[in-house]
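Residue-level listing of the chains:
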Amino acid sequence: MEPSTQKLIHTFGALADLGQEIAGRGDFNEMVRTSMHLLLGTLALRRGAVVECVDKGELRCVAIWGVGEELFKDSSVTEEEKQQFHNGDFSELLLSNSAATNSFINRNRELLDQEGIELVLPMIVREEITGLVLLGKKASGEEFSGDDFETIRAMVRHIGVGIHTHRLLEQVAQRAEENRRLYEELRSIYRATVRAFAAAIDIKDKYTQGHSERVGRYSEIIAREMGWSEEEVEGIQIAGYLHDIGKLVVDRDIINAPYAINAKESSELNRHPAAGYEILAPINHPYADIPLMAKYHHERLDGRGYPDGLVDEQIPLGAKIVSLADSFDAMTTDRPYRRRRSFEDVVRDLRQNSGTQFDPKVVTAFARAMLKEVNGATKERRITKMLGKDYLQGENVPTLLTDLIADLSGVGSGAQSYK
Ligand SMILES: [Fe+2]
């Protein structure tokens with residue numbers, strides 16, 4: 001094989017390697033270093049450097065071989081010099097050409113000579129100078145040939161494209177980060193608005209201070225215990241906060257009636273889940289199903305709930321969770337006409353109404369979450385805090401919960417088996 005053919009094949013191979021290196025998703029600096037080594041190896045050069053040209057023309061060394069590390073520190077390329085690089089031919093880029101008029105090379109001639117640099121090439125991508133490649137003399141002492149120049153031009157262009165692509169990717173990543181921040185901000189505004197709404201709902205009902213907030217928290221605890229994702233858990237917490245939002249359109253006197261309300265008033269009050277749905281449905285919530293959870297939080301498994309009288313499998317799981325959280329809070333807080341019920345009494349209610357009003361899976365999960373707090377298996381005492389520290393202190397509480405879990409799951413203690 002002719003030596004020139006062999007060289008061509010070698011160059012071709014080096015270009016292919018370079019292409020792969022540049023297209024790879026590895027470390028950027030490593031990519032540039034490897035590319036430079038390929039270039040030096042292909043032409044048997046002893047030294048070289050790849051210098052990136054950033055922002056206003058400042059130079060930043062990305063890869064060096066056989067050249068001092070401080071090369072071009074605090075140095076830059078002016079606009080005029082960039083123009084010269086655009087227009088000049090190869091002979092203008094050779095240091096040995098003392099007649100060259102490239103002012104960047106001329107003003108750095110001494111430094112470049114000291115470092116043994118023979119050729120300074122611009123990397124031009126889309127009319128922009130992304131940086132410079134500096135190359136030393138050939139190890140053989142020969143001059144660069146026309147073929148060498150072609151090879152160098154092709155490889156330098158490859159490296160330039162690599163640097164350019166890297167910059168674009170960095171910009172995309174930056175934009176993505178900005179978008180993420182904006183999105184986070186929007187979410188926090190949304191959450192703050194939801195909390196404000198929850199407070200507005202609770203203010204309207206003077207007997208149930210903090211009810212919506214607690215229903216949100218209980219719902220979140222139950223959903224997490226049932227293995228929901230963080231995103232879903234956040235969603236159901238919002239649904240809990242907003243479940244009674246429909247009460248905003250119900251007459252305040254009916255909500256606050258200190259006596260048993262009549263049938264007409266009761267049907268007016270029972271409008272609130274459907275009214276809540278009407279309020280929430282047009283909003284583009286960042287979480288799924290919030291309007292439906294509000295709509296169906298008074299449905300029952302046996303079909304005797306409202307507004308639609310749905311049965312078990314027709315009721316969204318989220319609505320079942322909010323429903324239990326709602327009832328639990330109603331039973332465990334004082335009302336003007338009655339004291340809250342004892343924990344034993346509440347557990348009895350949950351057992352009796354599981355399968356008719358409440359979903360046993362949901363009750364089991366809630367009982368499990370409470371048991372974890374009572375046993376000290378979880379550090380956070382969120383349920384205890386909401387109920388007041390004495391409420392779950394009774395000696396029989398762990399047994400009550402364990403038995404409830406066992407009864408509902410129907411297999412042994414059931415603590416782990418019901419998911
Ligand atoms: Fe309600």
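Preceding this section is the structure that the text describes.
The rules behind these values
- Residues numbered from 1 in each chain as written.
- Predicted model: local features only at pLDDT ≥ 70, side-chain atom pairs only at ≥ 80, totals over all residues.
- Heavy atoms only, no water.
- Donors = N, O, S within 2.8 Å, 3.2 Å for Na, K, Ca; no water.
- Buried < 20%, exposed > 50% of the residue type's maximum accessible area, 1.4 Å probe, protein only.
- Phe/Tyr/Trp six-rings, centres within 6.5 Å; stacked < 30°, edge-to-face > 60°.
- Helix = DSSP H or I, 4+ residues; strand = E, 2+ residues; numbered from the N terminus.
- Lys NZ or Arg CZ within 6 Å of the ring centre and 35° of its normal.

Q: Which residues make up the coordination of the iron ion, and what values do they have?
A: At this site the iron ion is bound by Asp244 (OD), His272 (NE2), His297 (NE2) and His298 (NE2), with donor distances of 2.2 to 2.4 Å. Here the donor residues for the iron ion map to a single chain with the spacing D-x27-H-x24-H-H. Accessibility expressed as a relative area gives 22% for His298, which makes it partly exposed.

Q: With reference to specific residues and values, describe the packing of aromatic side chains.
A: Per the counting criterion, the structure on display carries nine aromatic pairs. Relative to Tyr287, the ring of Tyr190 lies with its centre 6.2 Å away and its plane at 50°, an arrangement referred to as tilted. Of the two residues, Tyr190 sits in helix α6 (residues 146-204) while Tyr287 sits in the loop between α11 (272-280) and α12 (290-295), which places them 97 residues apart along the sequence. Residue Tyr190 is classed as buried on the basis of its relative accessible area, which comes to 14%. Note on Phe328 and Phe366: the rings are 4.7 Å apart at their centroids and 75° apart in plane angle, and the pair reads as edge-to-face. A residue pair is termed long-range when its members are at least 10 positions apart, and Phe328 in helix α13 (residues 317-331) and Phe366 in helix α15 (residues 360-374) qualify at 38 residues. With relative accessibility at 0%, the residue Phe366 sits in the buried group. Within the aromatic cluster, the residues linked to one another by ring pairs are Phe72, Phe85 and Phe104. The aromatic ring of Tyr277 is capped on one face by Lys295, whose charged end is 4.6 Å from the ring centroid.

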